[in-house]
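# Summary of structural features
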Amino acid sequence: MDGTTVEAMRTALRGPVIGPQDPEYDEARKIYNAMIDRRPAAIVPCRDAGDVMNAVDFIRDHGLELAVRGGGHSGPGLCLVEDGVTIDLSPMRWVRVDPVAKTAQVGGGAQLGDLDHAAHAFGLATPGGIISTTGVGGLTLGGGHGYLTRKYGLTVDNLLSADVVLADGSFVTASEDDHQDLFWALRGGGGNFGVVTSFTYRLHPVHTVVFGVTLWSLDSIGDVLQWYRDFLPSAPEDLYGFFAGLVVPPGPPFPEEIHGRKMCGVVWCWTGDLDVVDKAFAAVTDPAPPAFHFTAPLPYPAVQSTFDELIPTGLQWYWRGDFFDRITDGAIDVHAKYVEGIPTDLCTMHLYPVDAAGQRAGQGDMAWAYRDAVWSGVIGGIDPDPANAETVRRWAVDYWEELHPHSMGGAYVNFLGAGESQDRVKTTYRGNYDRLAQIKRTYDADNLFHANQNIRPAQ
Ligand code: FAD
């Protein structure tokens with residue numbers, strides 16, 4: 001893309017257009033995953049739907065490559081294309097809560113922390129992911145799961161409507177009543193169908209929850225996983241607990257004697273009655289005596305940002321995922337081997353529950369196609385040092401390759417790694433793929449929105 005086009009864009013659009021010559025360019029192209037170092041030709045920060053409509057029209061009419069940035073958290077860096085134009089929604093971080101209707105309308109570039117903070121003032125929340133800087137955009141469009149999922153479902157189960165700028169530059173609102181097919185596709189189909197300028201969510205009464213962490217020595221990982229695979233699915237919906245293999249971080253609340261040790265554990269969130277919380281956690285001694293067990297009542301937004309400092313923006317990341325409906329004995333052996341082999345301190349494996357309320361909707365009710373999954377697993381190779389990038393990537397890929405045969409075959413679309421194939425996208429959507437491809441043809445026949453886990457328009 002030449003400088004003349006960038007200049008023409010500056011004339012045509014209202015807001016700033018940030019190009020490689022501008023002092024803010026390097027900051028503007030920085031994303032969460034520092035392993036991705038792409039140089040777009042221009043970044044266009046948008047303040048409202050009108051800005052987005054103009055930008056889409058300009059990019060399409062000039063045959064330019066388009067990407068959309070929500071929170072900039074995707075592992076493969078889908079919000080940046082080399083020599084293309086990024087529509088940057090980060091100026092659109094507004095949230096409007098309606099405490100009477102118990103809904104929140106949220107700008108397409110907001111982060112989870114923006115939504116959690118605004119809703120918390122009214123004692124309300126909706127399910128979202130576990131890091132507060134994640135964009136609501138990419139997370140919601142992929143499905144969205146987190147601490148409230150066993151109780152209130154996926155993020156998309158709580159999506160009431162979405163304002164969307166389509167490939168032809170027009171603006172529509174999709175909901176159960178309008179553009180139903182588009183609304184169906186947006187709930188799990190990723191950024192394939194347009195730029196979502198705002199999301200409206202159903203909120204639930206959530207204020208203070210009990211956050212907890214239980215850690216066991218790695219010698220017990222087999223016993224712990226055998227216990228966890230039976231315990232968690234039969235636990236009340238108020239109890240959420242994701243399993244982790246990790247290196248214990250060197251700081252509070254962990255006692256010094258376990259700092260730096262490889263361990264396995266469960267990170268808990270209890271949304272039920274605070275008076276019966278001890279009963280909820282009584283079973284944690286069943287598989288083996290824990291090396292560490294901690295629970296504390298916390299405001300929900302504090303829980304949502306617990307890990308923000310541990311894994312800030314700017315680390316090297318490579319991840320891969322899969323869905324699991326069971327944890328086989330073979331899978332337990334693979335976990336034991338690779339958690340023992342964690343190469344550097346931030347590398348981790350998580351099994352996030354998506355059962356209970358997460359399974360309530362039907363398989364074909366929306367694009368999310370794994371209602372029979374119990375866990376959404378992710379293996380994260382993470383390190384601050386670019387020199388370790390290949391080491392952590394290799395660990396994640398090797399681990400995934402041995403674990404994959406024990407999975408359901410497909411992954412949460414937001415946990416697909418860089419360079420995974422088109423077949424993996426198809427496996428993500430299973431029986432819903434063909435309908436998604438039809439809807440893609442209706443709304444984006446020329447595949448303008450392809451910087452994503454791409455669903456190709458049906459022929
Ligand atoms: P971006 O990189 O900005 O966008 C990702 C994709 O979505 C791109 O294709 C982009 O074009 C598209 N997109 C974003 N916003 C819009 C929009 N408004 N309109 C149209 N398209 C848009 N996921 C969970 O469900 N639960 C978790 O607990 C969880 N934890 C995570 C923890 C970490 C540390 C990280 C890095 C990720 C985690 N994720 C989790 C995955 C997360 O959901 C995805 O990375 C998601 O893509 C992030 O969205 P984003 O808007 O920040 O990303």
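This one's a predicted model, so the numbers in the text were calculated from it and none came from an experiment. (Residues numbered from 1 in each chain as written. Predicted model: local features only at pLDDT ≥ 70, side-chain atom pairs only at ≥ 80, totals over all residues. Heavy atoms only, no water.)

## Points about the overall build of the chain
When you go through the chain residue by residue, the secondary structure sums to 14 helices and 17 strands. By the compact-globule yardstick of 23 Å for 459 residues, the chain fits well, its C-alpha radius of gyration being 22 Å. A principal-axis box enclosing the C-alpha atoms of the chain has dimensions of 65 × 50 × 40 Å. Across the 459 residues in the chain, those meeting the buried criterion constitute 61%. A total of about 17300 Å² of accessible surface is found on the chain, and carbon and sulfur atoms cover 50% of it. Between the centroid of the 34 positive side chains of the chain and the centroid of its 58 negative side chains there is a distance of 3 Å. (Helix = DSSP H or I, 4+ residues; strand = E, 2+ residues; numbered from the N terminus. Rg over C-alpha atoms; globule rule 2.2 N^0.38 Å. Buried < 20%, exposed > 50% of the residue type's maximum accessible area, 1.4 Å probe, protein only. Areas by Shrake-Rupley, 256 points an atom, 1.4 Å probe, with all protein chains shown as cover. Lys, Arg positive; Asp, Glu negative; His and termini not counted. Charge placed at Lys NZ, Arg CZ, Asp CG, Glu CD.)

## Topic: helix 13 (residues 422–429)
All buried positions along helix 13 are accounted for by Arg 424, Val 425, Thr 428 and Tyr 429. Seen end-on, helix 13 carries its buried residues on one side only, within an arc spanning 135 degrees. In the core, the buried residues of helix 13 are packed alongside strand 15 (316–324), helix 12 (389–403) and helix 14 (433–443). Arg 430, located one to two residues past helix 13, shows a positive phi value of around 40 degrees. (Arc of directions from axis to C-beta. Contact = heavy atoms within 4.5 Å.)

## Digging into the layout of surface pockets
Within this model, the second largest pocket holds a volume of roughly 240 Å³. Surrounding the second largest pocket, 18 residues form its lining, Arg 38, Pro 76, Leu 78, Gly 419 and Asn 452 being those nearest its centre. Looking at the lining of the second largest pocket residue by residue, the classes come out as seven nonpolar, nine polar and two charged. (1 Å grid on protein atoms, 1.4 Å probe; cavity = no way out; pocket = protein on both sides within 12 Å on 5 of 7 lines; lining within 4 Å. Points joined across faces, edges and corners; volume = space filled by probe spheres on them. Nonpolar A, V, L, I, M, F, W, Y, C, P; charged D, E, K, R; others polar.)

## Some remarks on the domain arrangement of the chain
Each assigned domain of the chain is listed here: domain 1 (3–88), domain 2 (95–205) and domain 3 (208–415). The C-alpha-based centres of domain 2 and domain 3 are spaced at 24 Å. In this complex, domain 2 contributes 32 residues to the contact, which on the side of domain 3 involves 42 residues. When residues of domain 2 are sorted by the area they lose upon contact with domain 3, His 145, Tyr 147 and Arg 150 head the list and together hold 34% of the total. Run the count over domain 2 and domain 3 and you get three salt bridges. Arg 371 serves as the salt-bridge partner of Asp 157, at 2.7 Å between the closest nitrogen and oxygen. If you look at where domain 2 meets domain 3, you find 21 residue pairs in polar contact (both at pLDDT 80 or more). Elements supplying a minimum of two residues to the side of domain 2 that touches domain 3: helix 4 (112–120), helix 5 (136–142), helix 6 (149–152) and helix 7 (180–186). Broken down by element, the residue count for the side of domain 2 that touches domain 3 peaks at four residues, all from helix 6. (Domains from an automatic or database assignment. Buried area = accessible area lost by both parts, 1.4 Å probe. Salt bridge = Lys/Arg side-chain N within 4 Å of Asp/Glu carboxyl O. Polar contact = N/O pair within 3.5 Å; in protein donor to acceptor, adjacent residues only side chain to side chain.)

## A few points about the site of the ligand
Around the ligand, the surrounding shell holds 35 residues, and the nearest of these are Val 68, Gly 70, Gly 72, His 145 and Tyr 412. Within the backbone of Val 68, an N or O atom sits 2.8 Å from an oxygen atom of the ligand. Interatomic distance of 2.7 Å between a backbone N/O atom of His 145 and a nitrogen atom of the ligand. Burial of the ligand by the protein chains amounts to 97% of its free accessible area of 940 Å². Broken down by secondary-structure element, the contributors of at least two residues to the shell around the ligand are strand 2 (66–69), helix 5, strand 9 (195–202) and strand 15. The biggest single contributor to the shell around the ligand is helix 5, with four residues. The residue makeup of the shell around the ligand, split by class, is 17 nonpolar, 17 polar and one charged. (Near = heavy atom within 4 Å.)

## Structural notes on the sheet that holds strand 8 (residues 171–175)
Spatially, the five strands line up as an open sheet ordered 4-5-9-7-8, and their pairing is antiparallel. Here the strands that pair on one side only, and so sit at the sheet edges, are strand 4 (95–98) and strand 8. Ignoring which end each strand starts from, the neighbouring axes of this sheet average 15 degrees apart. By the bridge criterion, six bridges tie strand 7 (residues 159–165) to strand 9 in an arrangement that is antiparallel. (Pairing = 2+ DSSP bridges. Axes fitted to C-alpha atoms, helices over the stretch in contact; angles between N-to-C directions.)

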